[in-house]
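# Residue-level structural notes
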Amino acid sequence: MHVLVRDEELATFDSVPCDLYLKSNTRFFKRYSKGDTVTIQEIRKELGSELKLYVTEEDYTKHFSSSVAPSSIDDEPIEEIHVVSDKQFGDLMKSLRQNRNNWSSTKVDESVKWLKDISGKNNKLLDHLKKLNSKELSYSYKKIQILYFLFLNTISALDKFSTDTVKLLTYMAFFCDIGLEDDKECRILTAEDLHLTGLDEESYERVMQHAQVASQTIKGIENLPHGLATFCLQHHGSSEGYGFPEKLSFNIAPLSQVYIVYENFAWYLMENFGQLNPSFLLRHLRETFNKGVYLQAVQALEHSMREILE
């Protein structure tokens with residue numbers, strides 16, 4: 001449970017008394033850590049009046065009040081998925097494209113047409129591809145475009161992967177969410193997301209099983225890269241393709257680990273563009289994915305995107 005800290009409560013401190021979080025839809029991001037050298041006045045100036053800060057309920061009781069006031073508990077209803085507007089998405093892609101010439105939205109559109117051609121009579125896959133760029137999967141399609149840009153411009157920093165890696169990861173971006181019906185389901189990346197989104201039983205099971213569905217759907221399609229079905233099965237970290245592991249899983253393919261990191265970063269960018277600095281989002285990514293291939297993927301993003309994000 002996180003508690004909203006009122007501005008007048010925060011103003012009683014000169015330095016950061018405990019970890020402070022920002023909220024983005026269903027997620028909380030640690031923005032400042034206890035002991036940071038930044039002052040409370042600097043924090044208030046940096047964030048402005050629009051952004052709210054949260055602390056854990058335990059820290060609120062310890063530092064701000066002897067008992068948690070009901071009005072300060074973050075009991076607001078869970079926010080519905082917001083589809084990034086075309087203008088906002090255009091601004092985001094413009095900010096990413098600076099000094100990078102290898103991206104064009106037409107390439108992604110062309111990929112959809114090509115995938116339709118090779119999909120043959122696989123109606124489930126064809127239906128999924130047709131839904132992309134529709135109202136139901138607008139968010140998902142925008143995420144695919146960001147992922148394609150990231151793969152194309154940063155994956156070279158992962159020297160251990162072959163030149164086919166961009167192709168494999170792009171296929172994963174298109175195919176992983178087969179079986180999901182709308183953007184609200186597509187934006188769920190963690191067990192916490194799933195818990196807080198409040199899906200009905202049918203939708204809940206659809207989300208829990210969608211990696212298995214994706215893997216089974218593409219197994220019989222010719223001309224797709226070897227191993228793609230397995231990578232899609234593991235794209236949320238479960239070797240069995242069911243649900244969302246609570247901790248980092250290392251018994252999945254390295255490419256699946258890379259995809260998880262990149263999808264999270266694309267999610268962060270879309271959910272927080274104009275609110276949270278991308279450099280901060282990368283820092284949060286490093287704290288979450290701090291070992292093995294996961295960390296190497298974060299480092300590749302940091303290295304390749306430094307000029308754009310600073």
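Residues numbered from 1 in each chain as written. Predicted model: local features only at pLDDT ≥ 70, side-chain atom pairs only at ≥ 80, totals over all residues. Heavy atoms only, no water.

As a further point, take the environment of Tyr242. With respect to the helices and strands, the residue Tyr242 is situated in the loop between α12 (228–233) and α13 (254–272). In the structure, Tyr242 is positioned 32 residues away from His210 in sequence and 7.7 Å away in space, judged by C-alpha atoms. Not counting residues up to four positions away in its chain, the partners in contact with Tyr242 are Glu205, Met208, Gln209 and Gln212. There is a polar contact of 3.3 Å between the side chain of Tyr242 and the side chain of Glu205. (Helix = DSSP H or I, 4+ residues; strand = E, 2+ residues; numbered from the N terminus. Contact = heavy atoms within 4.5 Å. Polar contact = N/O pair within 3.5 Å; in protein donor to acceptor, adjacent residues only side chain to side chain.)

Glancing now at helix α6 (residues 123–131). All buried positions along α6 are accounted for by Leu125, Leu126, His128 and Leu129. Seen end-on, α6 carries its buried residues on one side only, within an arc spanning 160°. Opposite its buried face, α6 presents the exposed residues Asn123 and Lys130, each directed more than 90 degrees away. On the buried face of α6, the contacting elements are α5 (105–118), α8 (165–175) and α11 (201–218). (Buried < 20%, exposed > 50% of the residue type's maximum accessible area, 1.4 Å probe, protein only. Arc of directions from axis to C-beta.)

Right, let's get into the pairing of strand β1 (residues 2–5). Side-chain alternation along β1 places His2 and Leu4 on one buried face and Val3 and Val5 on a second face that is also buried. By the bridge criterion, four bridges tie β1 to strand β4 (residues 53–56) in an arrangement that is antiparallel. Residue Val5 lies in a different strand from β4, and its bridge partner there is Leu53. (Pairing = 2+ DSSP bridges.)

Per-residue confidence for the protein gives a mean pLDDT of 84; residues scoring 70 or more make up 89%. Note that pLDDT drops below 50 for residues 70–75; the model gives that stretch 16 contacts with residues more than four away or on any other chain. (pLDDT = per-residue confidence, 0-100.)

If you add up the space inside the largest pocket, you get close to 710 Å³. Thr190, Glu192, Glu246, Thr288 and Phe289 are, among the 27 residues lining the largest pocket, the residues nearest its centre. At the level of elements, β3 (27–32), α10 (191–197), α13 and α14 (278–288) are the ones that each hand at least two residues to the lining of the largest pocket. It is α13 that contributes the most residues to the lining of the largest pocket, four residues altogether. Along the lines of polarity and charge, the residues of the lining of the largest pocket split into 11 nonpolar, nine polar and seven charged. (1 Å grid on protein atoms, 1.4 Å probe; cavity = no way out; pocket = protein on both sides within 12 Å on 5 of 7 lines; lining within 4 Å. Points joined across faces, edges and corners; volume = space filled by probe spheres on them. Nonpolar A, V, L, I, M, F, W, Y, C, P; charged D, E, K, R; others polar.)

With 96 residues, the main nonpolar core has Ile146, Phe175 and Tyr262 as its most contacted residues. At 12 residues, the largest contribution of residues to this core is made by α13. Each residue touching Phe175, except ones within four places of it in the same chain, is listed here: Leu115, Leu125, Ala214, Ile218, Leu224, Leu228 and Cys232. (Core = buried A, V, L, I, M, F, W, Y, C linked by side-chain atoms within 4.5 Å.)

This part is about the packing of aromatic side chains. Each aromatic ring pair is specified by the distance between its two centres and by the angle formed by the two planes. Under the counting rule described, the total for this entry stands at nine aromatic pairs. Relative to Tyr268, the ring of Trp267 has its centre 5.8 Å away and its plane inclined at 80°; by these criteria the two rings are edge-to-face. The exposure class assigned to Trp267 is buried, which follows from its relative accessible area of 0%. For Tyr268, a relative accessible area of 2% puts it in the buried group. Among the aromatic side chains, those forming a connected cluster through ring pairs are Phe13, Tyr60 and Phe64. We note Lys142 situated over the ring of Phe89; from NZ or CZ to the ring centre the distance is 5.8 Å. (Phe/Tyr/Trp six-rings, centres within 6.5 Å; stacked < 30°, edge-to-face > 60°. Lys NZ or Arg CZ within 6 Å of the ring centre and 35° of its normal.)

This part is about the packing of helix α7 (residues 138–154) against α13. Packing of α7 against α13 brings their axes to within 9 Å, and their N-to-C directions diverge by 120°. Comparing their axes, α13 and α7 come out oblique. Remark: the crossing between α7 and α13 carries right-handed chirality. Contacts from Tyr139, Lys142, Lys143, Ile146, Leu147, Leu150, Phe151 and Thr154 of α7 reach α13 at Tyr259, Tyr262, Glu263, Phe265, Ala266, Trp267, Leu269, Met270 and Glu271. (Axes fitted to C-alpha atoms, helices over the stretch in contact; angles between N-to-C directions. Parallel < 35°, antiparallel > 145°, perpendicular 65-115°, else oblique. Left-handed = near helix turned anticlockwise from the far one by under 90°.)

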